[in-house]
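These are the residues of each chain, in order.
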Amino acid sequence: MTRTALITGITGQDGSYLAELLLEKGYRVFGMTRRTSTVTMERIAHLVDDLQIVQGDLLDQNSLAEALRTVKPDEVYNLAAQSFVPTSWNQPVLTGEFTALGVTRLLEAIRQVDPEIRIYQASSSEMFGKVAEVPQHELTRFHPRSPYGVAKVYGHWITVNYRESYGLYAVSGILFNHESPRRGLEFVTRKITDGVARIKLGLTDTLRLGNLDAKRDWGFAGDYVRAMYLMLQQETPDDFVIATGETHSVEEFCQIAFTEAGLNYHDHVVSDAAFVRPAEVDLLIGDASRARKILGWEPEVNFRQLVKMMVDADLERLEGDVDRGVAPHRRPTPVGT
């Protein structure tokens, strides 16, 4: 029997990779998007003939219930959120509405429409924030350091609450940073690889970044969506940390990315205090041993392969623009990146 999945945030990085995975497994895939004047479908353009789009909004519980009645999903993957940490400082209330209360609206809609639906909630390593221990695992205390992190903590615990209170099959994946060529240009990893490509092609000569010492556990988004799927296939719902178990600094990411393009990052990277967060998360590294043991999950792409993949993709993209005579202008840099 063909299973049906509904993905919120399907137009994002994770949504596009997850849609590919589920289609390969024979699912009927629906993506939920907000009704706006412009919907960016770039990441799923190659999938539009194989999936269906329904309208829904995490700010509107009635629209979520209607989407569930229309799609009748077996599984829901909630990947939608205001997910850019620096923006959460400028728009903390909106971040809370989407990233925190939006989860409650979706859980409540499932409880009312069909409590047999299984739901995956995208939690985040940003919940650990000012870390209490290294590495971080499922029982590590949360100490978020941004409005985004705080909102994700709420979303995480309300998911646990609905599982324990109403018996929903509801799980949270505490995913550490995961990147890809489909990452938004506002995120630091993609900002670096896009900057490397622009410098290599002579379109600019400087890349301004914030805290170069910040350390993250970076993996490949395509690997991480496999973990999402595996979590919803278990007999008993549970929460899992998904991470590589390795930590690398922003400076190290720069070094590898520039070297991949035959450049020296010391000649081009400038540390600018204007791009430093009000409260920094200095060291995140995850312990995914439970996911490895119970889910059988392992990352397949290592750190250097990930950086190379992203640099190569940005070089190819920008070289194509240049060849077509579409001179790419230097993009504005969001404060806080």
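Okay, so let's go over this structure. Not measured: the values here are computed from a predicted model.

Basis of the calculations
Residues numbered from 1 in each chain as written. Predicted model: local features only at pLDDT ≥ 70, side-chain atom pairs only at ≥ 80, totals over all residues. Heavy atoms only, no water. Helix = DSSP H or I, 4+ residues; strand = E, 2+ residues; numbered from the N terminus. Expected span 1.5 Å × (residues − 1). Buried < 20%, exposed > 50% of the residue type's maximum accessible area, 1.4 Å probe, protein only. Contact = heavy atoms within 4.5 Å. Axes fitted to C-alpha atoms, helices over the stretch in contact; angles between N-to-C directions. Parallel < 35°, antiparallel > 145°, perpendicular 65-115°, else oblique. Left-handed = near helix turned anticlockwise from the far one by under 90°. Nonpolar A, V, L, I, M, F, W, Y, C, P; charged D, E, K, R; others polar. Phe/Tyr/Trp six-rings, centres within 6.5 Å; stacked < 30°, edge-to-face > 60°.

Some points on helix H1 (residues 13–24)
So, point 1. The first and last C-alpha atoms of H1 sit 17 Å apart over twelve residues, in line with the 16 Å expected at 1.5 Å per residue.
So, point 2. Listed as buried for H1 are Gln 13, Asp 14, Gly 15, Ser 16, Tyr 17, Leu 18, Ala 19, Glu 20, Leu 21 and Leu 22.
So, point 3. Looking at the buried side of H1, the elements it contacts are strand E1 (4–8), strand E2 (28–33), strand E4 (75–78), strand E7 (178–179), strand E10 (219–220) and helix H7 (221–231).

Comments concerning the packing of helix H4 (residues 92–113) against helix H5 (residues 147–166)
So, point 1. It is at 8 Å that the axes of H4 and H5 come closest, and there the two elements cross at 15°. With respect to their mutual orientation, H4 and H5 come out roughly parallel. Crossing handedness for the pair H4 and H5: right-handed. In this structure, H4 uses Pro 92, Thr 95, Gly 96, Thr 99, Ala 100, Leu 101, Val 103, Thr 104, Leu 107, Glu 108 and Arg 111 to contact H5, whose residues at the interface are Pro 147, Tyr 148, Ala 151, Lys 152, Tyr 154, Gly 155, Ile 158, Thr 159, Tyr 162 and Tyr 166.
So, point 2. Here the contact of H4 with H5 is composed, by residue class, of twelve nonpolar, six polar and three charged.

What about the packing of aromatic side chains?
Any pair of aromatic rings gets described here by the distance separating the centres and the angle formed by the planes.
So, point 1. Using the criterion set out here, one finds eleven aromatic pairs in the structure.
So, point 2. Ring centres of Tyr 77 and Tyr 120 lie 6.1 Å apart, and the angle between their planes is 40°; this geometry places the pair in the tilted category. One end of the pair, Tyr 77, is in strand E4; the other, Tyr 120, is in strand E5 (residues 118–124), and 43 residues separate them in sequence.
So, point 3. Note on Tyr 77: relative accessible area 0%, which makes it buried.
So, point 4. With a relative accessible area of 0%, Tyr 120 lands in the buried category.
So, point 5. An angle of 65° between the planes, with centres 6.2 Å apart, marks the rings of Phe 142 and Trp 157 as edge-to-face. Of this pair, Phe 142 sits in the loop between E5 and H5 while Trp 157 sits in helix H5, and the two are 15 residues apart along the sequence.
So, point 6. Following the ring pairs from residue to residue traces out a cluster consisting of Phe 128, Phe 142, Trp 157 and Phe 176.

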